[in-house]
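Here are the chains, one letter per residue:
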Amino acid sequence: HLHGLDLVSGESLWSHQVPNFRGMNILTPVPFGDGVFTSTHRNQSFFYEVTRGADGFAVREAWRHKAKGYMSTPVVVGQHAYLHLGNKRFTAIDLTSGESTWTTLPFEGQYWSMAVRGDRILALDESGSLLLIQADPEQFRLMDQRRVSEQDAWAHVAVAGDQVFVRERAAIATYRWPVERPTE
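Counting of residues starts from 1 at the beginning of each chain's written sequence and follows it residue by residue. Since the coordinates come from a predicted model, pLDDT governs what is reported: local features require at least 70, and pairs of side-chain atoms require 80 or more to be given and counted, while whole-chain, interface and lining totals use all residues. Where side-chain values are given, they derive from all heavy atoms of the structure, hydrogens and water being excluded.

1. Things to note about the environment of D34
Line of reasoning, step 1. Helix and strand labels come from DSSP, where a helix needs a run of H or I of at least four residues and a strand needs a run of E of at least two; each type is numbered from the N terminus. Structurally, D34 is set in the loop between β3 (30-32) and β4 (35-39).
Line of reasoning, step 2. The class for D34 is exposed, based on a relative accessible area of 64%.
Line of reasoning, step 3. Along the chain, D34 and L85 lie 51 residues apart, while their C-alpha atoms are 24 Å from each other.
Line of reasoning, step 4. Not counting the four nearest positions on each side in its chain, D34 is found in contact with Y48, E49 and V50. Accessible area is worked out with a 1.4 Å probe on protein chains only. A residue is then buried under 20% of its type maximum, exposed over 50%, and partly exposed in between. Contacts: residue pairs with any heavy atoms within 4.5 Å of one another.

Now the structure itself:
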């Protein structure tokens, strides 16, 4: 089930059943506008609109898409969700229409953790490769890629200021991701 929670009490304000495979909904759903985008293991991707009326909250499926997310939580830039799929492809989905604007060929890595800064996506796969991707709804644009670990890196990549933290199996490594300053 997908739940909306009261931030103070933790009480469930609404609940909606989401299709799943053997109870597996692994990625974290992401909010967009008045709704929530999610994708479930071996199923599809869904956008649910949430409205509040006099009788409480109502949830309805606005659209569904054939894309099958697995473990990688999507990121939202503008009106597009960028989602790493269970088949190792990467896709951009317009959250207003539910249509894919592009999907890549398979990459290595069955899991990506992603962070966003502006229109840049930093993606770390479980094998220790770090990818810098331009968030472009029209086409996939890989800007750079490098190996940052020879160990497994299943933890979520963390960004604070200009620092990037990568948790490897036996260590934490820190890298610099310079913050671009506007030119005058």
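Resuming the write-up.
2. So, the sheet that holds strand β15 (residues 158-160)
Line of reasoning, step 1. In this description, strands pair whenever DSSP reports at least two bridges between them. Taken together, the three strands give an open sheet; going across it, the order is β15-β16-β17, and neighbouring strands pair in antiparallel fashion. If you trace the sheet from one side to the other, it starts and ends with β15 and β17 (172-176), each paired once. Going from strand to strand, the sheet's axes swing by 25 degrees on average, the running direction of each strand aside.
Line of reasoning, step 2. Pairing analysis gives five bridges linking strand β16 (residues 163-167) to β17, with the strands arranged antiparallel. Orientation is described by axes fitted as lines to C-alpha atoms, over the contacting stretch for helices, and by angles from 0 to 180 degrees between their N-to-C directions.

3. A few points about the packing of aromatic side chains
Line of reasoning, step 1. Each Phe, Tyr or Trp ring, with Trp reduced to its six-membered ring, pairs with another whose centre is within 6.5 Å; inter-plane angles below 30 degrees give stacked pairs, above 60 give edge-to-face pairs, and intermediate values give tilted ones. On inspection of all chains with the given rule, the structure shows 13 aromatic pairs.
Line of reasoning, step 2. Both rings, one in F32 and one in F47, keep their centres 6.3 Å apart while their planes meet at 70 degrees; by these two values the pair is edge-to-face. Remark: F47 occurs in strand β5 (residues 45-53) and F32 occurs in strand β3; sequence separation between them is 15 residues.
Line of reasoning, step 3. Aromatic pair Y82 and W102: ring centres 6.1 Å apart, planes at 45 degrees, arrangement tilted. Here the residue Y82 occupies a position in strand β8 (residues 80-84), and W102 occupies one in strand β10 (residues 100-103), the gap between them amounting to 20 residues. Each member of the pair, Y82 as well as W102, carries the same accessibility label: buried.
Line of reasoning, step 4. Here, over-ring charges are defined by two tests on the NZ atom of lysine or the CZ atom of arginine: distance to the ring centre within 6 Å, and angle to the ring normal within 35 degrees. Directly above the ring of W177 sits R117, whose terminal nitrogen or CZ lies 4.2 Å from the centroid.

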